[in-house]
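Analysis of the macromolecular model
Spelled out from the first residue to the last, the chains are:
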Amino acid sequence: MNYLENLDKSKLPKHIAIIMDGNGRWAKQKGKNRLYGHKNGTKSVRQVIEGSIEAGIKYLTLYAFSKENWKRPSKEVEGLMNLLISSIESELEELHSNGVKLNIIGDMCRLSDKVQNKVKIAIEKTKNNKTLNLNIALSYSGRWEIVEAVKKIANDTKNGTLSIDKINEELFSDYLETAGMPDPELLIRTSGEQRISNYLLYQLAYAEFYFTPLLWPDFSKEDLYEAIFIYQNRERRFGKISEQIKN
Ligand code: IPE
Ligand code: IPE
Ligand code: MG
């Protein structure tokens with residue numbers, strides 16, 4: 001089935017979030033080291049960026065490195081950071097010419113100066129692009145993000161720029177890393193794991209979850225279209241009953 005042709009363009013998710021998982025297992029199956037899996041995972045990153053543009057998705061958020069991932073063997077962490085730098089170097093021109101606006105969500109302070117600089121250049125270069133908002137979650141965790149928002153809100157109330165009765169769900173969203181963006185309607189996780197691993201805890205409140213056994217380096221744009229197709233055929237009730245949704 002050609003999923004792209006069968007998508008309902010009027011019911012596209014505005015925002016898709018992906019947990020790109022299974023690079024290590026993919027490499028192990030091939031008798032290679034974990035970094036080989038991560039390198040091949042970058043091809044799938046290209047695929048989902050291209051696929052999002054072709055399908056007309058406006059926001060794509062990719063989980064590239066969690067705060068918990070800092071606990072991995074230092075060689076793997078180093079390899080991932082180098083891969084990030086080389087990917088920005090090799091892909092930036094094409095991302096830019098395709099209208100991709102890059103944004104990082106996460107605790108940038110923990111990244112090396114080299115990574116921070118590369119990222120800043122890419123963000124600056126692409127800041128006026130409009131086709132696709134691409135968020136890379138880097139040194140990110142949902143609880144960290146929520147606690148940071150609470151600290152900023154507390155500070156603003158303390159210094160008098162925010163009154164407590166103005167605090168509501170919308171305002172809280174604006175203190176998160178994803179301020180100004182719609183919440184993801186669809187979360188995709190590859191590799192068969194069925195957990196959210198501290199990802200977008202506030203924003204995923206009503207997202208549809210899609211789990212696939214495919215390992216990340218095997219995930220293609222066709223698989224993205226299939227996930228969107230399945231999302232479009234679910235009934236999102238938001239607490240109501242089916243009859244209310246149909247009428
Ligand atoms: C996802 O693949 C990439 C990152 C978390 C950086 P993994 O590295 O988690 O691969 P598995 O889960 O061990 O197979
Ligand atoms: C989640 O994958 C983080 C990323 C994909 C970057 P992990 O492989 O780190 O998640 P857990 O540890 O299995 O939950
Ligand atoms: Mg994993």
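As shown above, the structure is provided for reference.
One structure accompanies this document, and this report is about it. Only a predicted model underlies this, so the values are computations on that prediction, with no experimental measurement involved. (Residues numbered from 1 in each chain as written. Chains lettered and ligands numbered in written order. Predicted model: local features only at pLDDT ≥ 70, side-chain atom pairs only at ≥ 80, totals over all residues. Heavy atoms only, no water.)

**So, the side chain of Glu91**
- Tracing the chain through its elements places Glu91 in helix α3 (residues 74–97).
- For Glu91, a relative accessible area of 19% corresponds to the buried category.
- A polar contact of 3.5 Å, which involves the side chain of Glu91, links it to the side chain of Ser90. (Helix = DSSP H or I, 4+ residues; strand = E, 2+ residues; numbered from the N terminus. Buried < 20%, exposed > 50% of the residue type's maximum accessible area, 1.4 Å probe, protein only. Polar contact = N/O pair within 3.5 Å; in protein donor to acceptor, adjacent residues only side chain to side chain.)

**What to know about the sheet that holds strand β4 (residues 132–140)**
- Read from one edge of the open sheet, six strands run β3-β4-β2-β1-β5-β6, paired in parallel fashion. For this open sheet the edge positions go to β3 (100–105) and β6 (208–211), each flanked by a neighbour on one side alone. The sheet shows a mean angle of 20 degrees between the axes of neighbouring strands, direction not considered.
- Lying over the sheet, α3 contacts β2 (59–66), β3 and β4, oriented at roughly 155 degrees with respect to β2. (Pairing = 2+ DSSP bridges. Axes fitted to C-alpha atoms, helices over the stretch in contact; angles between N-to-C directions. Contact = heavy atoms within 4.5 Å.)

**Looking at the packing of helix α2 (residues 34–55) against helix α7 (residues 221–232)**
- For the pair α2 and α7, interaxial distance at closest approach is 8 Å and the crossing angle is 50 degrees. Taken as axis vectors, α2 and α7 run oblique relative to one another. By crossing handedness, the relation of α2 to α7 is classed as right-handed. Contact with α2, carried on its side by Gln47, Val48, Glu50, Gly51, Ser52, Glu54 and Ala55, involves Lys221, Leu224, Tyr225 and Ile228 of α7 and no other residues of that element.
- Per-class residue counts for the contact of α2 with α7 are five nonpolar, three polar and three charged. (Parallel < 35°, antiparallel > 145°, perpendicular 65-115°, else oblique. Left-handed = near helix turned anticlockwise from the far one by under 90°. Nonpolar A, V, L, I, M, F, W, Y, C, P; charged D, E, K, R; others polar.)

**What about the site of ligand 2?**
- Taken together, the residues surrounding ligand 2 are Ile19, Met20, Asp21, Tyr63, Ala64, Phe65, Ser66, Asn69, Arg72, Arg189, Arg195 and Ser197.
- In this structure, an oxygen atom belonging to ligand 2 sits 2.9 Å away from a side-chain N or O atom of Asn69.
- When isolated, ligand 2 has an accessible area of 380 Å², and the protein chains bury 77% of it.
- Element by element, the count of residues in the shell around ligand 2 is highest for β2, at four residues. (Near = heavy atom within 4 Å. Areas by Shrake-Rupley, 256 points an atom, 1.4 Å probe, with all protein chains shown as cover.)

**A few points about α7**
- An ideal rise of 1.5 Å per residue puts 16 Å on 12 residues; α7 measures up with 17 Å between its terminal C-alpha atoms.
- Considered for burial, the residues of α7 that qualify are Lys221, Asp223, Leu224, Tyr225, Ala227, Ile228, Tyr231 and Gln232.
- Structurally, α7 contributes buried residues whose contacts are with β1 (15–19), α2, β5 (186–189) and β6. (Expected span 1.5 Å × (residues − 1).)

**Points about the packing of aromatic side chains**
- Taken as a whole and assessed by the stated rule, the structure comprises 10 aromatic pairs.
- Residues Tyr63 and Tyr140 carry aromatic rings whose centres are separated by 5.9 Å and whose planes lie at 80 degrees to one another, so their mutual orientation is edge-to-face. Taken together, the residues span a long stretch of sequence, with Tyr63 in strand β2 and Tyr140 in strand β4 at a distance of 77 residues.
- Since its relative accessible area comes to 0%, Tyr140 is described here as buried.
- Within the aromatic cluster, the residues linked to one another by ring pairs are Tyr63, Tyr140 and Tyr199.
- It is Lys30 that lies over the ring of Trp26; its NZ or CZ is 4.3 Å from the centre.
- The ring of Tyr36 has Lys32 lying over it, and the distance from NZ or CZ to the ring centre is 5.0 Å. (Phe/Tyr/Trp six-rings, centres within 6.5 Å; stacked < 30°, edge-to-face > 60°. Lys NZ or Arg CZ within 6 Å of the ring centre and 35° of its normal.)

**Considering the site of ligand 1**
- What surrounds ligand 1 is the set Met20, Asp21, Gly22, Asn23, Gly24, Arg25, Arg34, His38, Ala64, Asn69, Arg72 and Leu80.
- At 2.8 Å, a side-chain N or O of Arg25 approaches an oxygen atom of ligand 1.
- In the environment of ligand 1, an oxygen atom lies 2.8 Å from a nitrogen or oxygen atom belonging to the side chain of Arg34.
- If you list the elements that add at least two residues to the shell around ligand 1, you get α1 (23–29) and α2.
- With three residues, α1 is the largest single contributor of residues to the shell around ligand 1.

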